[in-house]
Amino acid sequence: MKIHEKYIKRCIQLAKNGLGTTYPNPLVGSVIVYKDRIIGEGWHQKAGEAHAEVRAIHQVKDASLLKKATIYVSLEPCSHFGKTAPCSDLIIANGIKKVVIGTIDPFAKVAGKGIQKLIQAGCDVVVGVLENECQELNKRFFTFHQKKHPYLILKWAQTKNGFMAPKTQNLREPVWISNRYNKQLVHKWRSEEQAILIGTQTALKDNPQLNTRLWKGKSPLRLVIDKNLSIPKDSKLYNAEVRTIFLTEKEAGDSENIEFKTLDFSQNIIPQLCDYLYKLGVQSVIVEGGGKTLEAFIALGYWDEARITQNEAEWKEGISAPVLKGNMTKEIKLQDNLVRYYEPK
């Protein structure tokens, strides 16, 4: 089993290269091993393009070795026709008899069918190697398909004594808690998620762009809670550079890259929003809103991960940061910034 773990770890490592580019597909890595030597490897790079198993198989220079080799894959090979042909069929067609899989695919069109097809074709299939790690790799994909809502990441910065913003803010001289390294990290985070959400007050105070200008990567779908459509049309959120959806109770006409979705603000909008995003196919959202927006998610228990940046400053007064009860999973230091990751208890 240890030798299997070694190669599944490599599959996970490869799969992570696709973070942010494979939506709506999962992250998948694959390696092909002959006599304890990797002879082919690959990962899924972009939706609609070749899957990990296809890339790994095509990398093998001597195709005759495939019948004697073992293919490792972090997620169950697909068994249905989508934008590409089924990977399970390709494995069978190439005569690969030994298949080691990290975890079963929760997607209804796969969900064990790929494994069943391989077994029926006479393949020796091992399932569940580093299963937890493989599920963590695709936490967005698994949450979306199993819980029927996007993977929700809460993010904010605060001082050492728990303030996230000054009581009054000068737009010409903004007060930053995050340092320049942390700002770049946040833009990397944005490139990894499908959508980003803020509330009205954050939009009015900061006039943000919510893009990935400090990191190479696709800017996420911008989601803006604006009940009364009070955000000025000349704000950066209306620049149409990135697809933007305003969540409102007002009726308004869509234009290029700018859309309006009406919600019932007499009811809690968070469940409505999550249901809408699920139907839209959005698998992950990073919530960068102010305290009120963040607290609304926390109060309902609608969060899967939180990332909190803290600097060393202590203010005498300010707007208090949200209070979150969770288990810290990771901590990184970026000069005077400490970034802590949490998951729900």
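Along every chain, residues carry numbers that run from 1 in the direction the sequence is written. Restriction of local features to residues with pLDDT of at least 70 applies here, the model being predicted, together with a cutoff of 80 or more for giving and counting side-chain atom pairs; totals for whole chains, interfaces and linings are based on all residues. Calculation of side-chain values draws on the structure's entire complement of heavy atoms; hydrogens and water are dropped beforehand.

What's the story with the pattern of salt bridges in this structure? I'm lost.
Pairing between side chains of opposite charge can happen when their charged atoms approach one another. By definition, a salt bridge exists where a carboxyl oxygen of Asp or Glu is found within 4 Å of a side-chain nitrogen of Lys or Arg. Following the criterion strictly, the structure yields 17 salt bridges and no others. A salt bridge links Arg55 to Glu49; the nearest nitrogen and oxygen atoms lie 3.4 Å apart. In this structure Glu49 comes out as partly exposed when scored by relative accessible area, which is 34%. Glu193 is the partner of Arg140 in a salt bridge, and the nearest nitrogen-oxygen pair spans 2.8 Å. Of the two residues, Arg140 sits in helix α6 (residues 139–147) while Glu193 sits in the loop between α7 (180–192) and β8 (195–198), which places them 53 residues apart along the sequence. The cut-offs for exposure are 20% and 50% of the maximum accessible area for each residue type, with area from a 1.4 Å probe on protein chains only; residues under the lower value are buried, those over the upper are exposed, and the others partly exposed. Under the scheme used here, helices are H or I runs from DSSP no shorter than 4 residues and strands are E runs no shorter than 2 residues, and both carry numbers assigned from the N terminus.

Help me out: how do you make sense of the layout of surface pockets in this one?
In this approach a probe as big as a water molecule rolls over the atoms, and the regions it shows empty are the leftover space. Only protein atoms enter the calculation, which uses a 1 Å grid: trapped sets of points that fit a 1.4 Å probe without letting it out are cavities, open sets showing protein on both sides within 12 Å along at least five of seven lines are pockets, and any residue with an atom within 4 Å of a point is a lining residue. Grid points are joined across faces, edges and corners, and a volume is the space filled by probe spheres set on the points. Space inside the largest pocket adds up to approximately 1500 Å³. Looking at the largest pocket, it is lined by 48 residues, and the ones nearest its centre are Thr202, Asp206, Glu288, Gly289 and Gly290. Those elements that place two or more of their residues in the lining of the largest pocket are β6 (151–158), β7 (163–165), α7, α8 (200–206), α9 (269–280) and α10 (291–300). Sort the elements by how many residues they give to the lining of the largest pocket and α10 lands first, with six residues. Roughly 970 Å³ of internal volume is contained in the second largest pocket.

How do you make sense of the sheet that holds strand β11 (residues 258–262) when you look at a structure like this?
Backbone-to-backbone hydrogen bonds join strands into a sheet, with any given pair of strands oriented parallel or antiparallel. The criterion for strand pairing is that DSSP finds at least two bridges linking the strands in question. Taken in spatial order, the nine strands make up an open sheet running β11-β10-β9-β8-β12-β6-β13-β16-β15, and their pairing is mixed. Edge strands, defined here as strands with exactly one partner in the open sheet, are β11 and β15 (326–334). Between one strand axis and the next, the sheet turns through 20° on average, direction left out of account. Relative to strand β16 (residues 337–344), strand β13 (residues 305–310) is paired through five bridges, and the arrangement is antiparallel. In the sheet register, Ala306 faces β16, and the bridge partner there is Tyr342. Sheet strands touched by α7: β6, β8, β12 (284–287), β13, β15 and β16. Its angle to β16, the strand with the most contacts, is close to 35°. The sheet contacts of α9 involve β6, β8, β9 (221–225), β10 (244–248), β11 and β12, and relative to β10 the element is tilted by about 145°. Note on definitions: angles span 0 to 180 degrees between N-to-C directions of axes, and those axes are lines fitted to C-alpha atoms, for helices only across the stretch in contact. By definition, residues are in contact when any of their heavy atoms lie within 4.5 Å.

Before we go on, may I ask you to explain the packing of aromatic side chains in this structure?
Where two aromatic rings form a pair, the distance of their centres and the angle of their planes describe that pair. Any Phe, Tyr or Trp ring, taking Trp's six-membered ring, that has another such ring centre within 6.5 Å forms a pair; planes under 30 degrees apart are called stacked, those over 60 apart edge-to-face, and the others tilted. As enumerated under the stated definition, the model contains six aromatic pairs in all. Taking 6.5 Å as the distance between ring centres and 75° as the angle between the ring planes, the aromatic pair formed by Phe141 and Phe142 counts as edge-to-face. Taking relative accessible area as the criterion, Phe141 reaches 4% and is therefore assigned buried. According to the relative accessible area criterion, Phe142 is buried, its value standing at 6%. Pairing Tyr238 with Phe246 gives two aromatic rings, centres 4.4 Å apart and planes at 15°, and the pair type is stacked. Relative accessible area serves as the criterion here: at 0%, Phe246 is assigned to the buried category.

Help me understand the nonpolar core in this model?
Here is a general trend for soluble globular proteins: nonpolar side chains tend to be buried in one another's company. What makes a nonpolar core is a set of buried Ala, Val, Leu, Ile, Met, Phe, Trp, Tyr and Cys residues whose side-chain atoms join them at distances within 4.5 Å. Among the nonpolar cores identified, the biggest contains 32 residues, and Leu154, Trp156, Leu197, Leu223, Leu247 and Val285 are the most heavily contacted of them. Those residues in contact with Leu197, other than ones at most four positions away along the chain, are Leu223, Val224, Ile225, Leu247, Leu273, Val285, Ile286, Val287, Glu288, Gly289 and Phe297. Within the second largest apolar cluster, 24 residues are counted, among which are Ala56, Val60, Val73 and Leu75.

Hey, could you run me through the environment of Lys113 in this one?
You can see Lys113 is positioned in helix α4 (residues 113–120). Since its relative accessible area comes to 40%, Lys113 is described here as partly exposed. Sequence-wise, Lys113 and Glu76 are 37 residues apart; in three dimensions their C-alpha atoms are separated by 8.9 Å.

I'm lost on the pairing of β13 in this one. Help?
Along any regular strand the residues' side chains alternate between the sheet's two faces. Judged by how many residues are buried, β13 sits mostly within the fold: six of six residues are covered. Residue alternation in β13 divides its side chains into two sets, Glu305, Arg307 and Thr309 and Ala306, Ile308 and Gln310, and both sets are buried. Here β6 pairs with β13 via six bridges, running parallel. Bridge pairing in β13 places Ile153 opposite Glu305.

I'm lost on the side chain of Asn138 in this one. Help?
Mapped onto the fold, Asn138 is located in the loop between α5 (131–137) and α6. Look at Asn138 and you get buried, because its relative accessible area is 4%. Asn138 has contacts with Pro26, Leu27 and Leu75, leaving out every residue within four places of it along the chain.

I would appreciate a short explanation of the pairing of strand β3 (residues 70–75) in the present structure.
Of all six residues that make up β3, six are buried, and the element is covered over most of its length. Both strand β1 (residues 29–34) and β3 contribute to a ladder of four bridges, which runs antiparallel. Residue pairing in the sheet places Ile32 in a bridge with Ile71 of β3. Pairing geometry for β3 and strand β4 (residues 98–103), over five bridges, is parallel. The residue of β4 that forms the bridge with Val73 is Ile101.

How should I be thinking about the packing of α9 against α10 in this particular structure?
The description of two packed helices rests on the angle between their axes and on the distance between the axes. Viewed as axis vectors pointing N to C, α9 and α10 meet at an angle of 85°, and their least axial separation amounts to 10 Å. Classified by the interaxial angle, the pair formed by α9 and α10 is roughly perpendicular. Of the residues in α10, those touching α9 at Ile270, Pro271 and Leu273 are Ala296, Phe297 and Leu300. Here the nonpolar group is Ala, Val, Leu, Ile, Met, Phe, Trp, Tyr, Cys and Pro; Asp, Glu, Lys and Arg are the charged ones; every other residue, Gly included, is treated as polar. When the residues that make up the contact of α9 with α10 are grouped by side-chain class, the tally is six nonpolar, no polar and no charged. Put simply, angles under 35 degrees are roughly parallel, angles over 145 are roughly antiparallel, angles from 65 to 115 are roughly perpendicular, and the rest are oblique.

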